[in-house]
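# A look at the structure
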Amino acid sequence: MRDVPRTVWLLAAGQFFNMVVAFTFVYFFVYLTDERGLPVAQAGLISGIGGVGMVAGNFTGGWFGDRSGHRRVLLAGSLIGGAGVLALPFLPVELLYVVPPLSQYAGGCVRAATGALVAVSVPEGARRQGFAVHRFAGNAGFTVGPPLGALLIAHTSYTWLFVIDGIGTLIFAGYAARILPARGAARTGADDHAEAGEGPRQGVFAALRERPTVLVLLVAILLTDLVYRQQYSTLPVDLDRHGLGTGVYGWLLAINGGVILLLELPATLALRDRAPLRIIGSGLLLVGAGCAVLALGTGLGTAVAMMLLLTAGEILYKTPATAYVADHAPAHVQGRFQSLYSGVSVSGVVLSAPLGGALYSVAPGLLWPVCAAVAGAAGCLVLAAGRGRARQPSAAVPAAVAAGGTAGAAAAGPDLETGSPARRTSG
């Protein structure tokens with residue numbers, strides 16, 4: 001863990017605080033139906049538009065960061081998102097179709113920018129640990145936050161819930177502004193290449209075509225997220241159908257969060273030198289195995305076994321996959337690579353519930369076998385890509401790394417406005 005820079009630890013501390021006060025996502029739908037008295041269909045539409053905004057923010061935040069600086073995107077997104085949440089209790093119904101999606105879009109941009117900041121702050125070879133630290137902080141905060149939100153609702157009102165969330169996000173923006181000082185003026189890729197005497201840099205899609213394993217990984221994560229997020233939509237419905245109420249579902253989620261907090265960091269450290277695609281593929285297979293267990297029959301034992309397998313799969317695939325994309329991204333498109341990964345890794349927020357719900361309503365017995373097959377196929381794709389990469393001649397080492405660029409970049413520190421390694425200047 002000594003390889004994880006101080007900046008990442010400080011950013012993780014801010015992430016913990018931000019997730020502790022992130023109540024809106026959990027209670028927004030209930031707020032719309034209970035406090036605002038909206039019909040379920042209307043509340044679902046508003047929530048769905050917000051989910052689309054969040055996914056869109058994940059897909060585009062890194063693009064803004066590569067052009068204007070990841071630090072600036074994080075700060076601007078936090079300010080917009082915090083202001084939107086703070087205003088939410090006072091908005092007329094008509095504006096609920098506009099402001100929450102904008103706020104969630106800003107939050108998605110913040111997530112992508114944060115991933116890019118971790119990627120450029122941590123030297124290659126230690127990124128798994130860096131992302132694991134950041135995920136640990138976020139998961140720990142989210143474990144504490146929802147119960148606190150429930151207490152606020154019980155003893156005060158929804159208004160205070162959103163006011164505290166909004167103010168907390170604005171405080172996080174101020175904190176990030178202090179711990180993420182820019183190390184130089186914003187630079188463009190054209191400027192960097194002009195100095196180096198090189199031609200124009202390739203775009204993100206050209207860079208992806210030259211990295212087929214990253215493309216395979218993105219497709220596999222997209223498929224797996226459709227399966228993984230069934231735990232938040234069709235799983236509680238299926239449990240209830242088989243006589244297992246919300247109490248059982250709450251304990252299953254507690255198992256998920258507790259095991260991740262206990263084991264993700266140790267597992268990341270223990271496996272940090274192992275081939276990443278093999279670890280990721282194995283994790284995806286475990287997600288599929290969890291669904292396969294539930295396909296045998298929905299009961300208390302199979303539900304617990306499903307959640308344990310799903311959690312083990314999450315521990316194995318999420319952090320290494322994020323780090324793999326960062327390690328294979330050219331410096332000038334690091335933010336865009338992180339945006340692509342962030343986008344596919346939350347795509348299930350929008351797609352999993354309608355797809356899983358439609359299948360469950362037509363053929364309930366097919367849901368978990370299909371989920372097992374989809375996640376299993378995704379795992380096999382990644383494992384096959386890893387075997388193909390292992391059979392290739394030794395891959396060319398990036399020039400910057402071969403010349404000691406990684407160590408140099410770590411020593412100089414990243415330029416947090418541009419997302420590029422800081423340049424040392426003489427004199």
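As the structure is a computational prediction, the values presented were derived from the model and not from experiment. (Residues numbered from 1 in each chain as written. Predicted model: local features only at pLDDT ≥ 70, side-chain atom pairs only at ≥ 80, totals over all residues. Heavy atoms only, no water.)

Before going further, it helps to examine the packing of aromatic side chains. Per the counting criterion, the structure on display carries four aromatic pairs. A centroid spacing of 6.4 Å and a plane angle of 80° characterise the contact between Tyr228 and Tyr232, whose relative ring orientation is edge-to-face. Residue classification places Tyr228 among the buried positions, given a relative accessible area of 3%. Three or more aromatic residues joined by ring pairs form one cluster here, namely Tyr31, Tyr158 and Phe162. The ring of Tyr228 carries the charged tip of Lys318 above its face, separated from the ring centre by 4.0 Å. Against the face of Trp63 rests Arg336, its NZ or CZ located 5.7 Å from the ring centre. (Phe/Tyr/Trp six-rings, centres within 6.5 Å; stacked < 30°, edge-to-face > 60°. Buried < 20%, exposed > 50% of the residue type's maximum accessible area, 1.4 Å probe, protein only. Lys NZ or Arg CZ within 6 Å of the ring centre and 35° of its normal.)

Right, let's get into the confidence of the model for the chain. Counting all residues, the mean pLDDT for the chain is 83, and 86% of those residues have values of 70 or more. Averaged over each element, pLDDT in the chain is lowest for helix H18 (residues 399-402) (36) and highest for helix H13 (residues 276-295) (95). The low-confidence segment residues 417-427 (pLDDT under 50) makes 34 contacts with residues lying over four places distant or belonging to another chain. (pLDDT = per-residue confidence, 0-100. Helix = DSSP H or I, 4+ residues; strand = E, 2+ residues; numbered from the N terminus. Contact = heavy atoms within 4.5 Å.)

Between the first and last C-alpha of helix H10 (residues 212-228) there are 24 Å, a value that for 17 residues agrees with the 24 Å anticipated at 1.5 Å per step. Considered for burial, the residues of H10 that qualify are Thr213, Val214, Leu217, Leu218, Ala220, Ile221, Thr224, Asp225, Leu226, Val227 and Tyr228. (Expected span 1.5 Å × (residues − 1).)

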